[in-house]
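Observations on chain architecture
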Amino acid sequence: MGSGMQDIEIAFQDQLQKNHCFGCGADNDQGLKIKSYWADDGTAVCRFTAKPHHCAGPTRYLNGGIMATLLDCHSICSAIALAYRTEGRAISEGESIAFVTGSMDIAYKQPVPIDSPVLLKAELESLSPRKTRVVCRLFSEDNLCAQADVLAVRVPDNW
Ligand SMILES: CCCCCCCCCCCCCCCC(=O)SCCNC(=O)CCNC(=O)[C@H](O)C(C)(C)COP(=O)(O)OP(=O)(O)OC[C@H]1O[C@@H](n2cnc3c(N)ncnc32)[C@H](O)[C@@H]1OP(=O)(O)O
């Protein structure tokens, strides 16, 4: 699972500019600052280690809203990266590309231990120039714990 090339690649988020998003913005100092990369199999992957205050009611489990943010932000950043790749451009080269979440459906399948890193793995399918479907899975210790079906919708960069 995942890419062996992560260490030498620059995360999607570190190539995007002026992104203050709580989950994925490199410009949000209080955010989660997730980092997403292409994997060799064409999926996009992200590894995240939670902090103790990201907990659910029981302190041993990860909060579901944080899980939703991880699934959402990894999916949308990956949709943006795919659009740049499809247009033959590096991320942020030329006219900027922005997508937002039109819809997201999440199945929470198992509680996620807060003290183990999670792996997010996104499969992308371009439905039209404006719409990308993302199926994003969240694993903990190789267990599938949550799955999101996301519709990413392209918007003007002044959205
Ligand atoms: C971004 C600013 C620049 C910043 C640069 C930095 C880099 C950027 C990084 C950003 C990373 C963010 C990562 C976190 C992701 C969020 O947290 S984003 C915040 C949460 N999302 C929102 O607030 C979105 C709010 N909704 C909207 O703004 C608008 O409803 C939308 C989604 C843009 C669509 O608006 P619209 O263009 O007027 O809608 P429309 O033309 O009717 O729809 C386009 C297509 O999408 C379909 N569609 C739209 N909504 C839905 C839906 N809910 N269900 C199903 N289909 C739908 C339509 O059916 C239509 O399909 P086609 O007819 O083309 O086949």
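Residues numbered from 1 in each chain as written. Predicted model: local features only at pLDDT ≥ 70, side-chain atom pairs only at ≥ 80, totals over all residues.

Short version of the rule: UniProt positions are given in the numbering used here, feature names are shortened, and annotations may be inferred rather than shown by experiment.
For the protein, the name recorded in an unreviewed UniProt entry is Acyl-coenzyme A thioesterase THEM4, with Halioxenophilus aromaticivorans as its organism. Turning to the protein, the UniProt annotation filed under Sequence similarities (unreviewed entry) states: "Belongs to the THEM4/THEM5 thioesterase family."

1. Observations concerning the overall build of the protein
Threshold: Under the DSSP-based scheme used, a helix requires at least four consecutive residues in state H or I and a strand at least two consecutive residues in state E, with every element numbered from the N terminus. With C-alpha atoms as the basis for the radius of gyration, the globule rule is written as 2.2 Å multiplied by the number of residues raised to the power 0.38. Once C-beta atoms are placed from the backbone, any two residues with those atoms within 7 Å are in contact.
Looking only at helices and strands, the protein features two helices and six strands. Its C-alpha atoms give the protein a radius of gyration of 15 Å, within 12% of the compact-globule value 15 Å for 159 residues. Counting only C-alpha atoms, the protein reaches 45 × 30 × 30 Å along its principal axes. Long-range pairs, those at least 24 residues apart, make up 63% of the contacts in the protein with a sequence separation of at least 6.

2. Re the sheet that holds strand E6 (residues 143-155)
Defined as follows: Criterion used throughout: strands pair if DSSP finds at least two bridges between them. In this analysis, axes come from line fits to C-alpha atoms, helices being fitted only over the stretch in contact, and the angle between any two N-to-C directions falls in the range 0 to 180 degrees.
The sheet built from six strands is open, its strands ordered E1-E2-E4-E5-E6-E3 with antiparallel pairing. If you trace the sheet from one side to the other, it starts and ends with strand E1 (36-38) and strand E3 (98-108), each paired once. Between one strand axis and the next, the sheet turns through 25° on average, direction left out of account. Looking at chain direction, E3 and E6 are connected through 10 bridges and run antiparallel. Along E6, the bridge assignment pairs Ala-107 with Gln-147.

3. A look at the site of the ligand
Rule in force here: We call a residue near a molecule or strand if the C-beta atom, set from the backbone, is within 6 Å of it.
Lining the immediate environment of the ligand, one finds 23 residues, of which Asn-19, Ile-76, Ala-98, Val-100 and Gly-102 sit closest. Mapped onto the shell around the ligand, the elements with two or more residues apiece are helix H2 (64-86), E3 and E6. Of all the elements, E3 adds the most residues to the shell around the ligand, at five residues.

4. Here we look at the nonpolar core
Quick reminder of the rule: As used throughout, a nonpolar core is a set of buried Ala, Val, Leu, Ile, Met, Phe, Trp, Tyr and Cys residues joined through C-beta atoms within 7 Å of each other. With C-beta atoms placed from the backbone, the exposure class of a residue follows from how many other C-beta atoms lie within 10 Å of its own: 20 or more, buried; 12 or fewer, exposed; in between, partly exposed.
By size, the foremost hydrophobic cluster in this structure holds 43 residues, and its most contacted members are Met-67, Leu-70, Leu-71, Ala-79, Ile-80, Leu-120 and Leu-138. Counting residues per element, the ones that place at least two in this core are strand E2 (44-48), H2, strand E4 (118-126), strand E5 (131-140) and E6. Looking at which element gives the most residues to this core, the answer is H2, with 12 residues. Those residues in contact with Leu-120 that sit more than four places away from it in its chain are Val-45, Cys-46, Leu-70, Leu-71, His-74, Cys-136 and Leu-138.

5. Concerning the UniProt feature "domain: Thioesterase" (unreviewed entry) in the protein
Listed under "domain: Thioesterase" (unreviewed entry) in the UniProt record, and renumbered for this structure, are residues 61-143. What you have in residues 61-143 is 28% helix and 37% strand, and the ends, taken at the C-alpha atoms, are 14 Å apart.

6. Notes on the environment of Gly-57
As for its placement among the helices and strands, Gly-57 is situated in the loop between E2 and H2. Distance from Gly-57 to Asn-143, taken between C-alpha atoms, is 21 Å for residues 86 residues apart in sequence.

7. Here's the deal with the environment of Asp-105
Counting through the fold element by element, Asp-105 comes out in strand E3. Since 9 C-beta atoms lie within 10 Å of it, Asp-105 is described here as exposed. Through-space distance from the C-alpha of Asp-105 to that of Asp-72 is 9.9 Å; in sequence the pair is 33 residues apart. If sequence neighbours within four positions are ignored, Asp-105 has contacts with Ala-148 and Asp-149.

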